[in-house]
Amino acid sequence: MTAHASHSDGAITDVDAYMQQLGQQARRAAAELRRADTASKNGALLAMAEGLDEARETILAANARDLERGRENGLDAALLDRLALDESRLEAMIEGLHQVAALPDPVGEIDGLSARPSGIEVGQMRVPLGVIGIIYESRPNVTLEAASLCLKSGNAAILRGGSEARESNLAIAACIALGLERAGLPDGAVQVVATTDRAAVGRLIAMPEFVDVIIPRGGKSLIERISREARVPVIKHLDGVCHVYLDATADRDKALAIAVNAKTQRYGTCNTMETLLVDAPLADALLPELAAAYAEHGVELRGCERTQAILGDVPAASEADWAAEYLAPVLAVRVVDGIDEAMAHIERYSSRHTDAIVTENYTLARRFLAEVDSSSVMVNASTRFADGFEYGLGAEIGISTDRLHVRGPVGLEGLTTRKYVVFGDGQVRR
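Residues numbered from 1 in each chain as written. Predicted model: local features only at pLDDT ≥ 70, side-chain atom pairs only at ≥ 80, totals over all residues. Heavy atoms only, no water.

A. Quick peek at helix 1 (residues 15–33). Helix length check: helix 1, at 19 residues, gives a terminal C-alpha distance of 26 Å against a target of 27 Å (1.5 Å per residue), a fit within 8%. When helix 1 is considered as a whole, its buried residues turn out to be Val15, Tyr18, Met19, Leu22, Gly23, Gln25, Ala26, Ala29, Ala30 and Leu33. Each element contacted by the buried residues of helix 1 is listed here: strand 3 (131–136), helix 6 (141–152), strand 4 (156–160), strand 5 (190–192) and helix 8 (199–204). Near the N-terminus of helix 1, the side chain that reaches the backbone nitrogen of Asp16, with its oxygen 3.3 Å away, is that of Asp14. (Helix = DSSP H or I, 4+ residues; strand = E, 2+ residues; numbered from the N terminus. Expected span 1.5 Å × (residues − 1). Buried < 20%, exposed > 50% of the residue type's maximum accessible area, 1.4 Å probe, protein only. Contact = heavy atoms within 4.5 Å. Polar contact = N/O pair within 3.5 Å; in protein donor to acceptor, adjacent residues only side chain to side chain.)

Following this line, the structure appears as structure tokens:
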């Protein structure tokens, strides 16, 4: 079933056979994509953008049906917002395709070429991972983002969106298929799973003969299930328990701006600060100012005993609060005695996503960078910058808190690997 699949669940009676077919088609397409040049891939992306522009009414009508079904099924307001498409979101999707097309193509780059005593030259070439399975919820724009990033990096993709966005995803898939056809690339390069049967997910994550890596995007329960059951390597992060530590030497204005922005710029993202750590010499003067700023934004504070002593009417933070990813206007606050206690807290409770220090002490900044074991570690900057676009990657397909093979925001390079290449002139080993 390729990207232009549109038949109903009822037509798929054997999910195992169906998923095997998708896997076989993806594996064949991956081999063809290794031969595709940058111009062909960019041509497909621009043709997808044209197709999306031409199909606006069809996509919005499909999305309206998904939204109506979602309301009938009792989806909450936040999920309905993530599901919804409108003209501005379609414009952003079209612009995203143009941006990915404009990014440098990492495939084929050779790094570190060096001559050996034998006369051969040895280097490493960047190559696609192969076939990428992506499992996601709610947001139909992910269908396009995932397709564009996988294609630009030379990978075939099997995309399995949430059942709540099924009609939207299939309408977008038709535009993807059109772009591939116009560019002369195999239609198996991007395939959207047409069935909402949960067994399709179980099969997708257990086909190492066809799928090289799985990327789940969604809630913690989805990612935990994929990580537990997959027989294919997984690129993922479970949650974002991010910290900002305000050191005693921190500049007051920087500390206020960063601590407020890291929490309030957007609540529902994985790089939003969930715990604020304040060095004791700073706490008496700065915490009341911060509390006033948070109150203006409607942020509820939960504090340690020392925080409560300074602020008075703040509820006590429980053990669960220190490990919580609130994704809401709630913030845990703890007063600590110096950087060692701050880093010990982070070591115990951080999800290894993003942690930041605000300090004017260069030595402490260097210690924090070296000793905090997270995928992004920051000095004097908001955790909200932990993002592929902000890092100059152009776009991201997710964030990884794993150590292998990629860590942090996953852009085009993160969807590739390296192989050794050797250039000789008739050398033989003696």
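There's more to say after this.
B. Quick look at the environment of Asp340. Mapped onto the fold, Asp340 is located in helix 14 (residues 338–349). Residue classification places Asp340 among the partly exposed positions, given a relative accessible area of 48%. With 112 residues separating them along the chain, Asp340 and Arg228 place their C-alpha atoms 34 Å apart.

C. Spotlight on a nonpolar patch on the surface. Where nonpolar side chains cluster on the molecular surface, the patch consists of Ile110, Leu113 and Phe423 and spans about 250 Å² of accessible area. Residue position: Ile110 is located in strand 1 (residues 110–115). (Patch = residues over 30% accessible without salt bridge, like charges linked within 9 Å, V, L, I, M, F, W, Y side chains within 5 Å. Areas by Shrake-Rupley, 256 points an atom, 1.4 Å probe, with all protein chains shown as cover. Salt bridge = Lys/Arg side-chain N within 4 Å of Asp/Glu carboxyl O.)

D. Main features of the pattern of salt bridges. One pass over the full model with this rule turns up 35 salt bridges. Across the pair Arg27 and Asp212 runs a salt bridge whose closest N-O atoms are separated by 2.8 Å. Placement of Arg27 in helix 1 and of Asp212 in the loop between helix 8 and strand 6 (213–217) is noted, with a sequence separation of 185 residues between them. Salt-bridge contacts for Arg352 lead to Glu347; the nearest nitrogen and oxygen are separated by 3.2 Å. The exposure class of Arg352 is buried, given its relative accessible area of 18%. For Glu347, a relative accessible area of 43% corresponds to the partly exposed category.

E. Region of interest: the sheet that holds strand 1. Pairing is antiparallel across the open sheet formed by 3 strands, whose spatial order is 1-2-15. Every other strand in the sheet has two partners, leaving strand 1 and strand 15 (416–423) as the edge strands with one partner each. With direction set aside, neighbouring strand axes in the sheet form an average angle of 20°. Sheet topology places strand 1 next to strand 2 (residues 121–128); 4 bridges connect them, and they run antiparallel. Note that in strand 2 the partner of Ala115 across the bridge is Glu121. (Pairing = 2+ DSSP bridges. Axes fitted to C-alpha atoms, helices over the stretch in contact; angles between N-to-C directions.)

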